[in-house]
Amino acid sequence: MADTLHIEIATPEKLVVDQQADYAEIPGKDGYMGILPGHAALLSELAHGKLTLTTGGKTESFTVTGGYVEVRDNHVRVLADGVE
Amino acid sequence: MPSLIDIRRRVRSVKNTQQITKAMKMVSAAKLRRAQDQAIAARPYGILLRQMLANVAQGAANDPDAGAHPLLAVRPEQRILLVVITADSGLAGAFNSNLIKLAHRFADEHRNATLTFELIGKKGVNYFRRRFSGIAGTHTDLFRRVKFEDAERIANRIIARFEAGEVDSVYLFTNEFKNAMAPALTSTRILPIEVPKTAATVDYIYEQNPGELLGSLLPRYVKLLVYRAFLESVAAEHAARMVAMDAATKNAGDVIDKLTLLMNRVRQASITREIIEIVSGASALK
């Protein structure tokens, strides 16, 4: 099991984030989800909300305005409608 | 024989034209680079969405609760919507005319169906408005800066008409950017959607049920197709214009060379004539 998550956040216009993170908190349509390395494959729609990435104690957050997320093999791929 | 002054004037005018074509080529090259960058930036989203759609479609197929989605409904093609993406301006070689020809031929082949048009770009609008009725919508001035919202708006119109059963299928005509030399003409059916296939299916945990997820992914996929077509068309347009203007600059150079040669000949002829006059005048005095 790899010990970090590979995060990709893409909007239709460009790839916004492409980095490693230890933990991701994602605004799913049915509530916030915390994703740690080793998470099972998951697909969900996103709600408008705050997406937080934690890397080595530092956190970064983005506001996403809906979209989708796919978690698979420690890859978190976020297809956001918009990112602020 | 034309006079020296006339030729000189023509050379000057051709030189001016050459300067314009050269400048246009330069501008197109810069715009092409920007359009390409934008197209490349949009690629990851497209790839991810396609993969996700393929997986979800598979998941939805295994889900007994998921009904058939209206955007997948295949009906006999009695009413066809043609979406034609041309450029807003000309001077790009055969860029617009080839695409218009392709769409027109398609329209001729489907005479029996009721055709409606959704036109994007001034050139296509001007052409089809004169020749066909059933223009559902026209959109111009979108290409200076391609925005996803514009593609989304047009895609929404198309989706609404398809879902309402006003049209049975939607074809998209566009120039795709293959390489800098020649655009690739394409016509694709975007509705009903042909779901991309996937080799490896992943057993996901579905937070929402796959049918529901599919229902919201499909319209997004159509929007993406339209947006991608925009980006491709813009890149191809600038590439075509660059090539056309490069050829024009070269042709102007050839014309200038020819005129310069003629000019020198005319000048030489007049000098020779003057010498002959002087010599014969001198010999007459002897």
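This text goes with the structure placed above it.
Here's a quick rundown of the structure. Everything numeric here is computed off the predicted structure, so don't read it as measured data. (Residues numbered from 1 in each chain as written. Chains lettered and ligands numbered in written order. Predicted model: local features only at pLDDT ≥ 70, side-chain atom pairs only at ≥ 80, totals over all residues. Heavy atoms only, no water.)

**Quick notes on the sheet that holds strand β5 (residues 184-191) of chain B**
Paired through their backbone hydrogen bonds, the strands of a sheet run either parallel or antiparallel. Residues and elements named next belong to chain B. A sheet is described by the order of its strands in space; here five strands give the open sequence β3-β2-β1-β4-β5, paired in mixed fashion. Looking at which strands have only one partner, the edges of the open sheet turn out to be β3 (135-139) and β5. Across the sheet, the axes of successive neighbouring strands diverge by a mean angle of 20°, strand direction being ignored. Contacts from helix α3 (residues 122-131) reach β1 (79-85), β2 (114-120) and β3 within the one sheet, and its direction differs from that of β2 by about 155°. Contacting β1, β2, β3, β4 (169-176) and β5, helix α4 (residues 148-163) crosses the sheet at an angle of about 170° to β3. (Pairing = 2+ DSSP bridges. Helix = DSSP H or I, 4+ residues; strand = E, 2+ residues; numbered from the N terminus. Axes fitted to C-alpha atoms, helices over the stretch in contact; angles between N-to-C directions. Contact = heavy atoms within 4.5 Å.)

**Let's talk about helix α1 (residues 4-61) of chain B**
In this model, α1(B) (58 residues) spans 80 Å end to end at C-alpha, consistent with the 86 Å of a helix rising 1.5 Å per residue. Approximately 35° is the largest bend angle found in α1(B), and it occurs at R43(B), with the proline P44(B) only one to four residues beyond. (Expected span 1.5 Å × (residues − 1). Bend = angle between axes of the 7 residues up to and from the residue.)

**Looking at the interface of chain B and chain A**
Contacts between the two partners involve 27 residues from chain B, matched on the other side by 25 residues from chain A. When the two sides are added together, the surface that chain B and chain A hide from each other amounts to roughly 2,300 Å², 61% of it contributed by carbon and sulfur. Summed over the shared surface of chain B and chain A, the result is one salt bridge. A salt bridge links D81(A) to R220(B); its shortest N-O distance comes to 2.1 Å. Taken together, the elements giving at least two residues each to the side of chain B that touches chain A come down to α1, α4, β6 (205-206) and α5 (210-285) of chain B. By residue number, the principal contributor to the side of chain B that touches chain A is α1(B), which donates 10 residues. Sheet topology note: the strand β5 (residues 42-55) of chain A/β6(B) ladder contains two bridges and is parallel. Residue pairing across strands places L42(A) opposite I205(B), the latter belonging to β6(B). (Buried area = accessible area lost by both parts, 1.4 Å probe. Salt bridge = Lys/Arg side-chain N within 4 Å of Asp/Glu carboxyl O.)

**Some remarks on the packing of aromatic side chains**
All names here are of chain B. Scanning the model with the defined rule gives six aromatic pairs over all chains in all. Each ring, one from F106 and one from F173, has its centre 5.2 Å from the other, and the planes form 65°; the classification is edge-to-face. With F106 in helix α2 (residues 95-109) and F173 in strand β4, this pair connects stretches of sequence that are 67 residues apart. Here the two residues F106 and F173 agree in accessibility, since each one is buried. Counting every residue linked through ring pairs, the aromatic cluster contains F106, Y171 and F173. (Phe/Tyr/Trp six-rings, centres within 6.5 Å; stacked < 30°, edge-to-face > 60°. Buried < 20%, exposed > 50% of the residue type's maximum accessible area, 1.4 Å probe, protein only.)

**Regarding the nonpolar core**
The nonpolar side chains of a soluble globular protein tend to be buried, and buried together. All names here are of chain B. Counting 62 residues, the largest nonpolar core has I120, F143, V170, L191 and F230 as the members making the most contacts within it. Elements with a minimum of two residues in this core: α1, β1, α4, β4, β5 and α5. When residues of this core are assigned to their parent elements, the largest contribution, 19 residues, is made by α5. Dropping the residues within four chain positions of it, I120 is found in contact with V83, V84, I85, T86, H139, L142, F143, I154 and F230. (Core = buried A, V, L, I, M, F, W, Y, C linked by side-chain atoms within 4.5 Å.)

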